[in-house]
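# Residue-level structural notes
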Amino acid sequence: MSKETLPVESRIIPVKRLEEYWERSIEDPEGFWSEHARALQWFKTWDKVLDASNPPFYKWFVGGKINASYNALDVHIKTWRKNKVAYIWEGEPGDTRVITYYQLYKEVNRIAKILKNMGVKKGDRVTLYLPMIPELPMVMLACARIGAIHSVVFSGFSGESLASRINDSNSKILITADGAYRRGKIIPLKEWADKALKLTPSIESVIVVRRTGSKVNMVENRDYWLHELLAGIEPDTYVEPEPVESTHPLYILYTSGTTGKPKGVEHSTGGYLAWVYWTLKWAFDPREEDVWWCAADIGWVTGHSYIVYSPLMHGLTSIMYEGAPDYPHPDRWWSIIEKYGVTIIYTAPTAIRAFMRYGEEWVKKHDLSSLRILGSVGEPINPEAWNWYYKNVGGERCPIIDTWWQTETGGFMISPSAGVELAPLKPGSATFPLPGIDAEVVNDNGKRVEPGERGYLIIKKPWPGMLQTLWKDPERYVEVYYKKFPGFYYTGDYAMRDSDGYFWLLGRADEVLKVAAHRIGTTELESVLVSYPAVAEAAVAGKADPVKGEVPVAFVVLREGYSPLNSLREELVKYVRNQIGPIATPANIFFVDKLPKTRSGKIMRRLLKSVVSDQPLGDITTLEDEASVEEIKKAYDELKKELE
Ligand code: WTA
């Protein structure tokens, strides 16, 4: 495929200002970005905005020196924002902490000192396995301050998942907590971490944050309480922020792909910071007086970019909430909005659908008039959820900013732009690409599809927030993102443009599931299932779910001598939870005699999806390559019969 097959004249953006701004960003990216990157504080300006000499290993702001912690904190404490609130944190049990920029700055400096004392140097990896407590952003910023690369592992992942991520990144230090609150219960985080620590030889020291007061096992000369370490650090400790190269990795974040092994997405410092700074500004038009609430977990990219780095760079006041959305009552979130006067809330459709189920009464109990903008992320938002959110939460007053993006993209990519000019919204459409993003919807041959037709979403030009590579695996980086459509970034998503040019995101085109907006690879689940002694073969498909969007359903072929008992099914479900984490829990496991496969032995996944979703096969000519229509029909009927 050549680049000529992808024309660019389909740019219909119905708002002039946005269109002009966007055009400039595409036509003169270097000029555009050299102006925009100046919003950040650089220790040394770059020599070249974009080095595209070795695609797809693009380098942004080459020669520039910068520090993320400096841009998030030091820049403010020199101004009146010094005493502005950075985070209003609310714990699940109802305890609160209010942290100003100055206080955050002081804590980050002290933690940076602790890390330095432990021998952490620029480029070393530090793994964080923490609940949603203020220490999480503090440690991230402390790492960034000294040029260490953080790898945050979502606290809902199991010890096994933690271990594989620690080993892949070869981290020296693990930072965790004694426990985490979830729905009134205490999750024994340190105990889970202890499981991992049996398998992770690279870890030299473990720092434990005291959150729940649970009794934990501390290993001498390896495990240290954070509060005890802090007691030995002067309150006024200052750690010089390390000026790192713009391309120095700020962090690694593991995400699911189409193989069993999660990918270590590596983000740069300079390009990433510029991207998260500007995308928040363009999409949400944040103002000094805003109370911003990104209700994600920092364990995912949404929290990295829009709870930590971007809002802090903007000097915003953010809400950080520790617990479950509906604990102890379904109006917990609405009470938080009312209590703190939240002006922008940013969440996922799965949460909105869960609230819809509880009913409007819970929302109506609260005065939500402080809200001015609503946001959505993580999965396609269905029009019913959009309308409910718009009416009941936003009082028909607040635009919904539906942001399409990925762990790999660093920040928002396709989204309405309250900060530039808002195009008329259509419920369920993320509208148009943001400045700097040249997106297109193409068929298998890389040709642009007609309006109304489904195709693959690709990004045609590099952008500053893009991943730099996959950690220690540059081949896989090229293979996953640049092989299907050479020269262009492949998103793995289906999309469609309508006759007005609006983009509609239609879900994953690959073997990745979105379960309650969490990203899980079907192959990841399959490899866990086949590691169980009774299992010979396994295949996982996503089943449509009214609240979670999708849930994983597994098909399992047992080894000789094992019977398809209910107890075995339960054991397998438990096994998957223990190996990956509760988010991967299969909604159902079917024992089958054989899996439907093509002649070359590939599992017919889309067929499985149709079967579990109780949908007709649809257009089977393109359903599974290499298999005949008859074969597919036969396999479908057989499987349906077996499940009845
Ligand atoms: C999906 C989350 C439709 C998509 C930031 C993408 C969306 C994957 C949207 C990335 C949206 C995210 N509309 N689909 N607004 N936002 N997605 O890496 O399938 O956890 O590829 O990043 O979520 O998930 P990830």
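Positions within a chain are numbered from 1, following the residues in the order the chain's sequence is written. Since the coordinates come from a predicted model, pLDDT governs what is reported: local features require at least 70, and pairs of side-chain atoms require 80 or more to be given and counted, while whole-chain, interface and lining totals use all residues. The basis for every side-chain value is the complete set of heavy atoms in the structure, and neither hydrogens nor water enter the calculation.

It is worth spelling out the packing of aromatic side chains at this point. Only the six-membered ring of Trp is used, alongside the rings of Phe and Tyr, when aromatic pairs are assigned; centres must lie within 6.5 Å, and planes under 30 degrees apart are stacked while those over 60 apart are edge-to-face, with the rest tilted. Throughout the structure, instances matching the rule amount to 48 aromatic pairs. Aromatic pair Y102 and Y105: ring centres 6.3 Å apart, planes at 20 degrees, arrangement stacked. Residue Y102 and its partner Y105 are both found in helix α4 (residues 101-117); the two are separated by 3 residues, about one turn of the helix. Between buried and exposed lies partly exposed: a residue is buried under 20% and exposed over 50% of the maximum accessible area for its type, with that area taken using a 1.4 Å probe on protein chains only. With a relative accessible area of 27%, Y102 lands in the partly exposed category. In textbook terms, an aromatic cluster arises when at least three aromatic residues are bridged by ring pairs, as seen for Y21, F32, W33, W42, W46, W60, F61, W275, Y277, W278 and W282. Its guanidinium or amino end placed over the ring of Y102, K82 lies 4.3 Å from that ring's centre, counting from NZ or CZ. Going along the chain from the N terminus, every DSSP run of H or I of four or more residues is numbered as a helix, and every run of E of two or more is numbered as a strand. Cation placement over rings: the criterion is NZ of Lys or CZ of Arg within 6 Å of the ring centroid and within 35° of the ring normal.

Take the confidence of the model for the protein next. Mean pLDDT for the protein: 94, with 95% of residues reaching 70 or above. Confidence of the predictor in every single residue is expressed as pLDDT, which spans 0 to 100. Throughout, a residue-residue contact means that at least one pair of heavy atoms, one from each residue, lies within 4.5 Å. Contacts of residues 1-10 to residues separated by more than four positions or lying in other chains number 28 contacts, the stretch itself having pLDDT below 50.

This brings us to the environment of K472. Structurally, K472 is set in the loop between β23 (469-470) and α15 (474-482). Residue K472 is classed as exposed on the basis of its relative accessible area of 57%. Separated by 206 residues in the primary sequence, K472 and E266 have C-alpha atoms spaced 9.4 Å apart. Excluding its chain neighbours within four sequence positions, the residues that come into contact with K472 are N167 and D168. Within the structure, the side chain of K472 is placed 2.7 Å from the backbone oxygen of D168, a separation counted as a polar contact. N or O atoms within 3.5 Å of each other form a polar contact, as long as, within protein, one can give a hydrogen and the other can take it, and as long as residues adjacent in sequence are counted only when both atoms are side-chain atoms.

Now for the environment of W300. Within the fold, W300 resides in the loop between β16 (291-294) and α10 (301-313). For W300, a relative accessible area of 17% puts it in the buried group. Along the chain, W300 and L371 lie 71 residues apart, while their C-alpha atoms are 24 Å from each other. Excluding residues within four positions of it along the chain, W300 makes contact with F154, F157, L253, H518 and I583.

It is at 5 Å that the axes of helix α1 (residues 16-27) and helix α2 (residues 29-36) come closest, and there the two elements cross at 110 degrees. The angle between the axes of α1 and α2 places the two elements in the roughly perpendicular class. Here Y21, R24, S25, I26 and E27 of α1 lie close against α2, whose contacting residues are P29, G31, F32, E35 and H36. Grouping the constituent residues of the contact of α1 with α2 by class yields 4 nonpolar, 3 polar and 3 charged. Structural elements are reduced to axes, namely lines fitted to C-alpha atoms, with helices fitted over the stretch in contact, and the angle between N-to-C directions of any two is expressed from 0 to 180 degrees. For classification, angles of less than 35 degrees are called roughly parallel, those exceeding 145 degrees roughly antiparallel, those between 65 and 115 degrees roughly perpendicular, and all remaining angles oblique. Under the convention adopted here, Pro, Cys and the residues Ala, Val, Leu, Ile, Met, Phe, Trp and Tyr are nonpolar, Asp, Glu, Lys and Arg are charged, and Gly plus all remaining residues are polar.

Within strand β24 (residues 489-497), 9 of the 9 residues are buried, leaving the element largely enclosed by the surrounding structure. As judged from the 4 bridges shared by β24 and strand β25 (residues 503-508), these two strands associate in the antiparallel manner. Residue pairing across strands places R497 opposite F503, the latter belonging to β25. Between β24 and β25, which pair antiparallel and follow one another directly, the connecting turn spans 5 residues, one of which, G501, has a positive phi of 85 degrees. Two strands are counted as paired when DSSP detects at least two bridges linking them.

Let us look at the nonpolar core. As used here, the term nonpolar core means buried Ala, Val, Leu, Ile, Met, Phe, Trp, Tyr and Cys residues forming a set that is joined through side-chain atoms within 4.5 Å. Counting residues in hydrophobic clusters, the biggest one holds 161 residues, and the most contacted among them are W33, L104, F284, Y309 and V556. Of the residues forming this core, the biggest block, 11 residues, is contributed by helix α9 (residues 270-284). In this structure, W334, V363, L374 and V393 belong to the second largest nonpolar core, which totals 27 residues.

Next up on the list: the sheet that holds strand β30 (residues 588-591). The strands that make up a sheet are held in pairs by hydrogen bonds between backbone atoms, and each pair lies either parallel or antiparallel. Strand order in the open sheet formed by 3 strands is β28-β29-β30, with mixed pairing between adjacent strands. Since the sheet does not close on itself, it has two edges, and those belong to β28 (535-545) and β30, each with one partner. Strand-to-strand twist of the sheet, defined as the mean angle between neighbouring strand axes without regard to direction, takes the value 25 degrees. Relative to β30, strand β29 (residues 549-558) runs parallel, the two being bridged by 4 bridges. The residue of β30 that forms the bridge with A554 is I589. Sheet contacts for helix α17 (residues 566-579): β28, β29 and β30; angle to β30, the most-contacted strand, approximately 130 degrees.

A word on the side chain of R497. One can find R497 in strand β24. When charges are tallied, Lys and Arg are placed among the positive residues and Asp and Glu among the negative ones, while His and the ends of the chain are skipped. Note on definitions: salt bridges are taken to be side-chain nitrogens of Lys or Arg within 4 Å of carboxyl oxygens of Asp or Glu. Despite its burial, R497 remains without a salt bridge, the nearest opposite charge being carried by E440 at 4.0 Å. From its side chain, R497 meets the backbone oxygen of G501 in a polar contact 2.9 Å long.

With that out of the way, let us pick up the site of the ligand. Taken together, 17 residues lie around the ligand, and D402, T407, D493, R508 and R519 are the ones closest in. Separating a nitrogen atom of the ligand from a backbone N or O atom of G378 is a distance of 3.1 Å. Within the backbone of T403, a nitrogen or oxygen atom sits 2.7 Å from a nitrogen atom of the ligand. Note on areas: these come from Shrake-Rupley sampling with a 1.4 Å probe, and a residue is covered only by the protein chains present in the view. Taking 520 Å² as the accessible area of the ligand by itself, protein coverage stands at 97%. Secondary structure elements with two or more residues in the shell around the ligand: α10, β20 (400-403) and β25. Nearness of a residue to a molecule or strand requires only that one of the residue's heavy atoms be within 4 Å of it.

A few words now on the pattern of salt bridges. Scanning all chains against the criterion turns up 42 salt bridges. Among the ionic pairs, D331 bridges to K365, the shortest N-O distance being 3.7 Å. Residue D331 is found in the loop between β17 (317-321) and α11 (332-340), and its partner K365 is found in the loop between α13 (361-364) and β19 (373-377); the two are separated by 34 residues along the sequence. Residue classification places D331 among the buried residues on the basis of a relative accessible area of 9%.

Spatially, the 4 strands line up as an open sheet ordered β21-β22-β24-β25, and their pairing is antiparallel. At either margin of the open sheet sits one strand with a lone partner, and together these are β21 (439-442) and β25. Adjacent strand axes in the sheet meet at a mean angle of 45 degrees, parallel and antiparallel pairs treated alike. Relative to β24, strand β22 (residues 454-459) runs antiparallel, the two being bridged by 5 bridges.

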